[in-house]
Amino acid sequence: MTARVALVTGGTGGIGTAICRHLASLGHKVATNYRDEAKAKAWLEAQQKEGFDFTIVKGDVASADAAAAMVHEVEQRLGPVEILINNAGITRDTTFHKMSAQQWQDVINTNLGSCFNVTRPVIDGMRERKWGRIVQISSINGQKGQYGQANYAAAKAGMHGFTISLAQENAKFGITVNTVSPGYVGTDMVMAVPEDVRNKIVAQIPVGRLGDPDEIAFAVGFFTDERARWITGANLAINGGQYMGW
Ligand code: CAA
């Protein structure tokens, strides 16, 4: 297998950490960004104790300038980015009639704007080298909507619109672009949902439990594989059966 340079945004989070570790275990050199230096350093130390070495670079993916500088630094340190996982995301859950402009913009800029901000600086190099793998980490709630998540669902649905356009434009350059849409996975983000609400959600999952971050990371690794070269523009739902679109 060819070792590649992979950039995973939001790699210090629950799903992000599992993706970083899985790509590293496949032999890739993995970088991620951070906003909070103390948190990122503690995360890196914990990963190193378990035998994983990652490159961490400061950069807020909601800002085009900061994201471009972050990509530049990753490329200086590791080489051209060949695998990009647009994973960084936040929630600002509230019903729409209570939602502030700030809550709307924060989620749109971080979850969807980041796809432009981080992909734009890597796409020219992928096209020149005629190889690339781009995966958006969307959500079940971009597919089905969610009470209290008009901002998040809009951003997550937008991510797949981004995927299928980029997939068409870049297919002839050996670049595949796909979406993974996780359901409710046992991360801090999901554990922040009030327990009574969360229990009702878990009751709607046919497999009968929250997902494990590794179950998402496995699919991301699949899309980045050499042999996945004919898979582009797909949206893979991984949600324990909670939502079965087709
Ligand atoms: N469908 C219909 N009605 C609902 C509802 C639902 N899913 N959820 C809540 N309601 C109703 C309540 O029954 C209540 O009705 P009454 O006023 O008639 O009693 C009303 O809406 C208000 O509900 P709350 O008391 O819950 O209102 P709140 O303002 O305290 O909280 C909320 C609203 C923030 C949306 C809260 O319900 C919540 O956190 N919901 C979960 C949202 C969610 O799933 N977020 C996912 C986070 S994880 C993630 O995003 C990762 C991923 O990709 C999956």
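Cut-offs used in this document
- Note on numbering: residues in each chain are counted from 1, in written sequence order.
- A pLDDT threshold of at least 70 governs which residues receive local features in this predicted model, and a stricter bar of 80 or more applies before side-chain atom pairs are shown or counted, although totals over entire chains, interfaces and linings include all residues.
- Note: side-chain values were computed over all heavy atoms of the structure, leaving out hydrogens and water.
- The helix and strand labels rest on DSSP assignments: H or I over at least four residues marks a helix, E over at least two residues marks a strand, and numbering proceeds from the N terminus.
- Atoms counted for the radius of gyration: C-alpha only. Globule rule: 2.2 Å times the number of residues to the power 0.38.
- Buried residues are those whose accessible area, probed at 1.4 Å on protein chains only, stays under 20% of the maximum for their type, while exposed residues exceed 50% and partly exposed ones sit between those limits.
- Here Asp and Glu are counted as negative and Lys and Arg as positive; His is not counted, and neither are the chain ends.
- Positions of charges follow a simple convention, taking NZ of Lys, CZ of Arg, CG of Asp or CD of Glu.
- The criterion for a residue being near a molecule or strand is simple. One of its heavy atoms has to lie within 4 Å of it.
- Here a polar contact means two N or O atoms within 3.5 Å. Within protein one must be a hydrogen donor candidate and the other an acceptor candidate, and residues neighboring in sequence count only if both atoms are side-chain atoms.
- For the accessible areas, the method is Shrake-Rupley and the probe is 1.4 Å, while residue cover comes only from the protein chains on display.
- Under the scheme applied here, ten amino acids are nonpolar (Ala, Val, Leu, Ile, Met, Phe, Trp, Tyr, Cys and Pro), four are charged (Asp, Glu, Lys and Arg), and all others, including Gly, are polar.
- By definition, a salt bridge exists where a carboxyl oxygen of Asp or Glu is found within 4 Å of a side-chain nitrogen of Lys or Arg.

K.L.:
Whenever I open this one, the overall build of the protein chain confuses me. Can you help?
P.N.:
Broken down by element type, the protein chain carries nine helices and seven strands. Taken over the C-alpha trace, the protein chain has a radius of gyration of 17 Å; the compact-globule value for 246 residues is 18 Å, and the two agree within 12%. C-alpha atoms of the protein chain, sized along the principal axes, occupy 45 × 40 × 35 Å. Evaluated residue by residue, the protein chain yields a buried proportion of 48% over its 246 residues. Distance between charge centroids for the protein chain: 4 Å, based on 24 positive and 23 negative side chains.

K.L.:
It is not clear to me how the site of the ligand should be interpreted in this structure. Could you clarify?
P.N.:
Near the ligand, the surroundings consist of 18 residues, among which Asp93, Ser139, Tyr147, Tyr152 and Tyr184 are the closest. Contact between the ligand and Gln146: an oxygen atom at 3.4 Å from a side-chain N or O atom of the residue. Summarising the interface, the protein chains cover 56% of the accessible area of the ligand, which totals 1,100 Å² for the free molecule. Among the residues making up the shell around the ligand, the classes are represented as nine nonpolar, seven polar and two charged.

K.L.:
Hey, could you run me through the pattern of salt bridges in this one?
P.N.:
In total, this model carries eight salt bridges according to the counting rule given. The partner of Arg21 in a salt bridge is Glu50, with the nearest N and O atoms 3.0 Å apart. One end of the pair, Arg21, is in helix α1 (residues 14-25); the other, Glu50, is in the loop between α2 (37-49) and β3 (55-58), with 29 residues separating them in the sequence. In this structure, the salt-bridge partner of Asp124 is Arg120, at a minimum N-O distance of 3.6 Å. Taken together, the positions of Asp124 and Arg120, both in helix α4 (residues 101-129) and four residues apart, correspond to about one turn of that helix. Judged by its relative accessible area of 40%, Asp124 falls in the partly exposed class. In this structure Arg120 comes out as partly exposed when scored by relative accessible area, which is 43%. The network of salt bridges with common partners includes Arg4, Glu82 and Glu226.

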